[in-house]
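# Remarks on the overall topology
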Amino acid sequence: MGRCIVDLHGMVNDVKINPSWKKVLNGEFEKPYFGAIKQSLVKEKQAGKIIYPPGKLIFNAFDKCPFDEVKVVILGQDPYHGPDQAMGLSFSVPKHVPLPASLKNIYKEIEADLGIKMPGHGDLSSWAEQGVFLLNAILTVEKSRAGSHQQVGWQQFTDVVIKVLSDLEQGLVFLLWGNFARNKKVLIDPSRHHILEAAHPSPLAGGAFQGSRHFSRTNQLLTKMNKRPIVWKIEN
């Protein structure tokens, strides 16, 4: 399996990606806008700015969940902007990093929905390896500046990714949490896929995410389609 690599220390390498993604994205990486994204990241790095996640993890969601294995899509906005948090999977943090508030609320909902006690760490890699595509619409962020890369051009790329999933796959379950994610609904064909919407799990939503039961509902939908349900339990 190839890993997407963006070298932020100088020249930008050609993007290497799992063949299943490279095939369906039809040369998106060679288009001018994608070249502009890479050059923007290089300039920021050369200016001494710290960019998250590390270059080797920017495309981690694609690396861990090949196109033809996607069953569920959980769409985030942009990576966590604190040290060591971002790992290229939406809402996920490495095992040694304290749980962010949004992820704590996700875990609370899983426990209320399924009765599953969740672990003390926030690494969601096991979900990705089962076909949960943990995609951030914006794939990078500057340290301590949430939303700082909204204008870099990532959304042009990730909109294509969502549209390709919608057009070429069948029976995916899209989990859209919060207004930002809900606005991506226009890219998804509801006659081909299932769309579940809820408030964002952030504490700023005042607990409105709780009670959505998206995790049990997702597995019910997968089971009806004769697909293997997701094991949401994460081991310590």
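Note that residues are indexed from 1 along each chain, following the sequence as it is written. Reporting in this predicted model follows two pLDDT cut-offs: at least 70 for local features of residues, and 80 or more for side-chain atom pairs to be given and counted; totals over whole chains, interfaces and linings ignore these cut-offs and use all residues. Just so you know, side-chain values use all the structure's heavy atoms and leave hydrogens and water out.

Let us now look at helix α6 (residues 154–168). Helical segments are the DSSP runs of H or I of at least four residues, strand segments are the runs of E of at least two, and each set is numbered from the N terminus. Expected helix span is computed as 1.5 Å times (number of residues minus one). For α6, spanning 15 residues, the distance from its first C-alpha to its last is 21 Å, which sits close to the expected 21 Å at 1.5 Å a residue. Categorising residues by exposure relies on relative accessible area from a 1.4 Å probe, with only protein chains included: less than 20% of the type maximum marks a residue as buried, more than 50% marks it as exposed, and the intermediate range marks it as partly exposed. Looking only at α6, the buried set comprises Trp-154, Phe-157, Thr-158, Val-161, Ile-162, Val-164, Leu-165 and Ser-166. In what follows, residue pairs with any heavy atoms lying within 4.5 Å of each other are defined as contacts. Each element contacted by the buried residues of α6 is listed here: α1 (19–24), α2 (32–46), α3 (60–64), β2 (72–76), β3 (132–136) and β5 (173–177).

Moving on, we get to the packing of helix α4 (residues 101–114) against helix α8 (residues 214–224). Running from amino to carboxyl end, α4 crosses α8 at an angle of 60 degrees, the nearest separation of the two axes being 8 Å. Here α8 runs oblique to α4, going by the angle between their axes. Contact with α4, carried on its side by Ile-106, Glu-109, Ile-110, Asp-113 and Leu-114, involves His-214, Phe-215 and Ser-216 of α8 and no other residues of that element. Grouping the constituent residues of the contact of α4 with α8 by class yields four nonpolar, two polar and two charged. The axes used here are C-alpha line fits, helices contributing only the stretch in contact, and every angle between their N-to-C directions lies in the interval 0 to 180 degrees. To sort the angles, those under 35 degrees are grouped as roughly parallel, those over 145 as roughly antiparallel, those from 65 to 115 as roughly perpendicular, and the leftovers as oblique. Note that Gly is not counted as nonpolar here; it falls among the polar residues with everything else outside the nonpolar set of Ala, Val, Leu, Ile, Met, Phe, Trp, Tyr, Cys and Pro and the charged set of Asp, Glu, Lys and Arg.

Let's shift gears to the packing of aromatic side chains. Pairs of aromatic rings are described using the distance from one ring centre to the other and the angle between the two planes. Each Phe, Tyr or Trp ring (for Trp, its six-membered ring) is paired with any other whose centre lies within 6.5 Å, and the angle between the two planes then decides the class: stacked below 30 degrees, edge-to-face above 60, tilted in between. Within the structure shown, the criterion is met by 22 aromatic pairs. Plain terms: the ring middles of Trp-21 and Phe-67 are 5.3 Å apart, the flat faces sit at 75 degrees to each other, and that makes the pair edge-to-face. Remark: Phe-67 occurs in the loop between α3 and β2 and Trp-21 occurs in helix α1; sequence separation between them is 46 residues. For the pair shown, Trp-21 and Phe-67 are each scored as buried. Cluster of aromatic residues (ring-pair linked, three or more members): Trp-21, Phe-29, Tyr-33, Phe-34, Phe-59, Phe-62, Phe-67, Phe-133, Trp-154 and Phe-157.

A separate point is the environment of Gly-115. Its place among the elements puts Gly-115 in the loop between α4 and α5 (125–128). Judged by relative accessible area, which is 62%, Gly-115 ranks as exposed. When the C-alpha atoms of Gly-115 and Lys-233 are compared, they prove to be 9.8 Å apart, with 118 residues separating the residues in sequence.

The next subject is the confidence of the model for the chain. Mean pLDDT over the chain: 92, with 94% of residues reaching 70 or higher. Confidence of the predictor at the level of single residues is captured by pLDDT, which takes values from 0 to 100. Every residue in residues 1–13 scores below 50 in pLDDT, and together they form 39 contacts with partners more than four places removed in sequence or on other chains.

Let us look at the sheet that holds β5. Strand pairing is assigned whenever DSSP identifies at least 2 bridges connecting the two strands. Strands sit in the order β3-β2-β5-β6 across an open sheet of four strands; the sheet is parallel. Sheet topology places β3 and β6 (194–198) at the edges, where each strand pairs with a single neighbour. Strand-to-strand twist in this sheet, taken as the mean axis angle between neighbours without regard to direction, amounts to 20 degrees. Taken together, the five bridges between β5 and β6 define a ladder with parallel strand orientation. Bridge pairing in β6 places Trp-177 opposite Ala-198.

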